Amino acid sequence: MINGFRGSPRYRQPEPRWIDNFLHVFFPDRCLLCREVLPRAYGSPLCNSCLESYHPGGKICPHCEGFYRGLAPCSCLSDNFPLHELFTLALYDQKWRRLIHDFKYKNRRSVARPLGKWLASEIVSQQYCFPDLVVPVPLHCRRENERGYNQSALLARYTAQTLNVPCLHLLIKHRHTHTQTAISRLERFENVRGAFKSIKKSPPVGTVLLIDDVYSTGSTMKEAASILHGRGTRVYGAVIAYNPNLRDLHRSGFYAGLDQW
Ligand SMILES: [Zn+2]
Ligand SMILES: [Zn+2]
């Protein structure tokens, strides 16, 4: 168990303190997705209604984009693939889209802590990986200055804190790229090619957990992983939401097995 988390999204809460009761009156916890006020010491980041419609993500093969369970990676992956595996907290839908949009563009930084802690607790409970360090996917300095923060770096900080491992900013984005939202899958890979570089001459040794907010085509995370990947380094990715196109979801059989998740 890590830092008071036991299972999730309903994790065990420590005994309430008077200061928590006091703060709850003025700053109550709210559901991450719909912002409904949650009862005190509720023990979940989502309200009952959002929990009912929440489809947990899980482990995804970054090569064939299929979901899978169990400890062994997908059989189509080889050790040469820079991004070894991918983990997502949720499937991207309207509610998650709104949450991530507010987190990225509307200064809703307060969600970084509960999301980072939740992501870490899932990584541990599902035995996804045991990282030696956490690395965020960087923004170009111009974009970070405009926004005032990098949402992936905030997520990475709280994920690392909960996992009790260091969070190191080993990557920089040295080339400004166009936004990925309005371009095709192929163009996305071209758009980010060569956009990242490492601040170190040699790759880190051990298991690296690379953190980003959303995974769609994987172009950004695969490019970032390729910079960190090296002999003696294994890069695992983790995101808040996975946003594949529907064809990929049907092909992977995700919808067929949804009720069991
Ligand atoms: Zn809710
Ligand atoms: Zn695969």
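Residues numbered from 1 in each chain as written. Chains lettered and ligands numbered in written order. Predicted model: local features only at pLDDT ≥ 70, side-chain atom pairs only at ≥ 80, totals over all residues. Heavy atoms only, no water.

(A) Inspection of the side chain of threonine 177 at higher detail. Counting through the fold element by element, threonine 177 comes out in the loop between strand S5 (171-173) and helix H7 (185-192). You can call threonine 177 buried: its relative accessible area is 4%. For threonine 177, the side chain forms a polar contact with the side chain of lysine 173, separated by 2.8 Å. Here threonine 177 is in contact with Arg143, Asn191, Val192 and Ala195, once residues within four sequence places are set aside. (Helix = DSSP H or I, 4+ residues; strand = E, 2+ residues; numbered from the N terminus. Buried < 20%, exposed > 50% of the residue type's maximum accessible area, 1.4 Å probe, protein only. Polar contact = N/O pair within 3.5 Å; in protein donor to acceptor, adjacent residues only side chain to side chain. Contact = heavy atoms within 4.5 Å.)

(B) Here's a closer look at the nonpolar core. Of all hydrophobic cores here, the largest spans 42 residues; its most connected members are Leu46, Trp96, Leu115 and Leu209. At the level of secondary structure, the elements contributing two or more residues to this core comprise helix H2 (48-53), strand S3 (83-91), helix H3 (94-105), helix H4 (112-125), helix H6 (151-163), strand S7 (206-215) and strand S8 (233-242). Taken domain by domain, this core gets at least three of its residues from each of domain 1 (1-54) and domain 2 (56-260). When near neighbours in sequence (up to four residues on either side) are disregarded, leucine 209 contacts Ile123, Tyr128, Cys129, Pro131, Leu133, Val134, Val135, Thr159, Leu163, Tyr236, Gly237 and Ala238. In this structure, Ile60, Leu171, Tyr215 and Met221 belong to the second largest nonpolar core, which totals 21 residues. (Core = buried A, V, L, I, M, F, W, Y, C linked by side-chain atoms within 4.5 Å. Domains from an automatic or database assignment.)

(C) Structural detail: the packing of H7 against helix H8 (residues 219-228). The geometry of H7 relative to H8 is characterised by a closest axis approach of 9 Å and an angle of 35 degrees between their N-to-C directions. Along this stretch, H7 crosses H8, giving a crossing that reads as right-handed. The segment H7 lies against H8, with Arg188, Phe189 and Val192 engaging Ser219, Thr220, Lys222 and Glu223. Across the contact of H7 with H8, the residue classes break down as 2 nonpolar, 2 polar and 3 charged. (Axes fitted to C-alpha atoms, helices over the stretch in contact; angles between N-to-C directions. Left-handed = near helix turned anticlockwise from the far one by under 90°. Nonpolar A, V, L, I, M, F, W, Y, C, P; charged D, E, K, R; others polar.)

(D) Broad picture of the coordination of the zinc ion (ligand 1). Taken together, the protein donors to the zinc ion (ligand 1) comprise Cys31 (SG), Cys34 (SG), Cys47 (SG) and Cys50 (SG), at separations of 2.3 Å. Coordination of the zinc ion (ligand 1) draws on donor residues from a single chain, spaced C-x2-C-x12-C-x2-C in sequence. Residue cysteine 34 is found in the loop between helix H1 (18-26) and H2, and its partner cysteine 50 is found in helix H2; the two are separated by 16 residues along the sequence. On the basis of relative accessibility, which here comes to 1%, the residue cysteine 50 falls in the buried class. (Donors = N, O, S within 2.8 Å, 3.2 Å for Na, K, Ca; no water.)

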